[in-house]
Amino acid sequence: MRSTLKFIAALAVALVAMLAFRSLVMTVCTIEGSGMSPTFLAGDRVLVNRWSYGLRTGSRGSLFDYGRLCRQSVKKGDFIAFEDSLGQLLICRCAALPGDTVTTLRTPAPVIVPGLKNCADQDYYWVEPVGENNQLGSRQLGFIPEHRIVGRVCLILYSHNPSAPLWQGWRGERTLLPR
């Protein structure tokens, strides 16, 4: 009986540690669809570093104000994971930082990315689609506020072709591929 309780306690501690690690440090996301090829393929499992821009604390509309502990700035060219208005996790490349000027073909005048440096309530970013077939970026979503950025995509853990059987279709050349 005592050994069973020890086993259950160890299992509970491991589960809590895993959930804390996954929600605070790293998250694994699966790429679905071919919209981000050739950079990301369907079946890629990517690792998102939640600490890359600082630990998010609170959120808009919650009891606690939004902020970041150990805040680091987003850099142009970073593959960032962010939540859209529906709470889905999306991946795009950061193309412009707060204060940058962006010119698009659809707008005759340049667009200024709003925001002030080191002011979390007013930091917005312009993101571009990752792949050739993906049209989802700031042109469709608008400016991405900093409080929606989850973290930076740091590497492809492993890749498996979703249309192949489980024992086949592993893409070894994409395993542990840094981004």
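My aim in this report is to walk through the structure given alongside it, one point at a time. Treat the numbers as computed from the prediction; the structure is a model and nothing was measured.

Another aspect to go through is the nonpolar core. If you look at the biggest cluster of nonpolar residues, it comprises 13 residues, and the most contacted ones within it are F40, V46, I91 and V153. Elements supplying a minimum of two residues to this core: β2 (44-49), β5 (79-83) and β11 (149-159). Ranked by residues supplied to this core, first place goes to β11 with three residues. Look past the residues within four positions of I91 in its chain and what remains in contact with it is I31, M36, F40, V46, I80, A81, V130 and V153. One finds L90, C92, L97 and Y125 within the second-largest nonpolar core, a separate group that totals 12 residues.

Regular strands place side chains that alternate from one sheet face to the opposite one. Looking at chain direction, β5 and strand β6 (residues 89-96) are connected through five bridges and run antiparallel. The partner of E83 across the bridge, within β6, is L89. Counting the residues between successive antiparallel strands, the hairpin from β5 to β6 contains five residues, one of them, G87, with a positive phi of roughly 90 degrees. Judged from the three bridges that link them, β6 and strand β9 (residues 124-128) form a sheet pairing that is antiparallel. Residue pairing in the sheet places A96 in a bridge with W126 of β9.

Calculation criteria
Every chain is numbered on its own, with residues counted from 1 as its sequence reads. Confidence filtering applies because this is a predicted model: local features only for residues at pLDDT of at least 70, side-chain atom pairs given and counted only at 80 or more, and all residues used for totals across whole chains, interfaces and linings. Each side-chain value is derived from all of the structure's non-hydrogen atoms; neither hydrogens nor water enter the calculation. The definition of a nonpolar core used throughout is a set of buried Ala, Val, Leu, Ile, Met, Phe, Trp, Tyr and Cys residues joined through side-chain atoms within 4.5 Å. Exposure categories follow from relative accessible area, calculated using a 1.4 Å probe and restricted to protein chains: below 20% of the type maximum is buried, above 50% is exposed, and the middle band is partly exposed. Here a strand is any run of E in DSSP of at least two residues, a helix any run of H or I of at least four, and the numbering for each starts at the N terminus. Any two residues whose heavy atoms approach within 4.5 Å are treated as being in contact. Strands are treated as partners if at least two bridges between them are detected by DSSP.

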